[in-house]
Amino acid sequence: MELNVLLFGVTKDIIGGSTASVTLEDSSVLGLKSKLFDDYPKLKGLNSLLIAVNNEYADDDLIIKPSDEVAIIPPVSGG
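So, here is what we can say about the structure in this document. Remember, predicted model here, so these are calculated numbers, not experimental data.

**Quick notes on the side chain of Lys33**
Consideration 1: For Lys33, the position within the fold is in helix 2 (residues 29-39).
Consideration 2: For Lys33, a relative accessible area of 16% gives the class buried.

Here you go:
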């Protein structure tokens, strides 16, 4: 499955843009994280990495559909 992912914060810098096209064999959120970590090893250095599907935080076992809006939410610091 080909998936367009929205990027925010430091993930935009690591991946190099505000969106990324990802080809998934395992369409779960965990599968997406694994693919992203394989393709962009610097993401592993983040304290946390949340995935939002259709504007809601998603658990690792959620299955992503091609029509879903998917976003990567990096760690957020306050100040």
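From this point, the discussion proceeds with the structure in view.
**Notes on the side chain of Thr11**
Consideration 1: Within the secondary structure, Thr11 is located in helix 1 (residues 10-15).
Consideration 2: A residue is classified by how much of its surface remains accessible, and Thr11, at 0% relative accessible area, is buried.
Consideration 3: Contacts of Thr11, omitting those with residues within four sequence positions, involve Gly16, Leu43, Leu46, Leu49, Ile72 and Pro74.

**Here's the deal with the nonpolar core**
Consideration 1: Residues Val5, Leu32, Val70 and Ile72 are the most contacted members of the largest nonpolar core, which totals 19 residues.
Consideration 2: If near-sequence neighbours (up to four positions away) are discounted, Leu32 is found in contact with Leu3, Val5, Val22, Leu24, Asp26, Ile51, Ile64 and Val70.

**Quick word on helix 2**
Consideration 1: What helix 2 keeps buried is the set Val29, Gly31, Leu32, Lys33 and Leu36.
Consideration 2: At its buried positions, helix 2 is contacted by strand 1 (2-7), helix 1, strand 2 (19-23), strand 3 (50-53) and strand 5 (70-73).

Calculation notes
Residues numbered from 1 in each chain as written. Predicted model: local features only at pLDDT ≥ 70, side-chain atom pairs only at ≥ 80, totals over all residues. Heavy atoms only, no water. Helix = DSSP H or I, 4+ residues; strand = E, 2+ residues; numbered from the N terminus. Buried < 20%, exposed > 50% of the residue type's maximum accessible area, 1.4 Å probe, protein only. Contact = heavy atoms within 4.5 Å. Core = buried A, V, L, I, M, F, W, Y, C linked by side-chain atoms within 4.5 Å.

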